[in-house]
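What follows is each chain in one-letter form.
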Amino acid sequence: MAQAKLNLVNLHILEIREEIDGILQLTFMSQTDQLQAKEVLIANNYQVIQRK
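Residues numbered from 1 in each chain as written. Predicted model: local features only at pLDDT ≥ 70, side-chain atom pairs only at ≥ 80, totals over all residues. Heavy atoms only, no water.

(A) The arrangement of the side chain of Asp 33 in detail. Counting through the fold element by element, Asp 33 comes out in helix α1 (residues 31-43). The charged side chain of Asp 33 is buried without a salt bridge, its nearest counter-charge being Lys 5 at 12 Å. Setting aside residues no more than four positions away along its own chain, Asp 33 makes contact with Leu 6, Asn 7 and Phe 28. (Helix = DSSP H or I, 4+ residues; strand = E, 2+ residues; numbered from the N terminus. Buried < 20%, exposed > 50% of the residue type's maximum accessible area, 1.4 Å probe, protein only. Lys, Arg positive; Asp, Glu negative; His and termini not counted. Salt bridge = Lys/Arg side-chain N within 4 Å of Asp/Glu carboxyl O. Contact = heavy atoms within 4.5 Å.)

The structure is reproduced here in structure tokens:
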């Protein structure tokens, strides 16, 4: 996110248990930053799940 110059407002790690993958929740100031971050993450082979 830093290399893409995106401002991260908050991050939260959810569901950290043995045998269960964790979820890293990222919060951005604007929808534009959110969409750009999604592109960066997908380009780096991360799975992106967007909450509605």
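Read on, since the account is not over.
(B) Inspection of unusual backbone geometry at higher detail. Positioned with a positive phi, Lys 5 is a non-glycine residue whose angle comes to about 60 degrees. Although it is not a glycine, Asn 45 sits at a positive phi angle of roughly 65 degrees. Here Asn 45 shows up in the segment after α1. In this structure Asn 45 comes out as exposed when scored by relative accessible area, which is 73%.

(C) Inspection of the environment of Gly 22 at higher detail. Within the fold, Gly 22 resides in the loop between β1 (8-14) and β2 (23-28). The sequence separation of Gly 22 and Val 48 amounts to 26 residues, and the corresponding C-alpha distance is 13 Å. In this structure Gly 22 touches Leu 14, Glu 15 and Ile 16, once residues within four positions along its chain are discounted.

(D) Quick peek at α1. Counted at 1.5 Å a residue, the expected span for α1 with its 13 residues is 18 Å, and the 18 Å between its end C-alpha atoms agrees. Buried within α1 are the following residues: Asp 33, Ala 37 and Leu 41. Seen from one end, α1 has its buried residues packed into an arc of 70 degrees, which puts them on one side. In α1, the exposed positions that point more than 90 degrees away from the buried face belong to Gln 31, Thr 32, Glu 39 and Ala 43. In this fold, the buried residues of α1 make contact with β2. Positive backbone phi, at 65 degrees, marks Asn 45, one or two positions downstream of α1. (Expected span 1.5 Å × (residues − 1). Arc of directions from axis to C-beta.)

Such coordinate-based values are descriptive only and should not be taken to indicate function.
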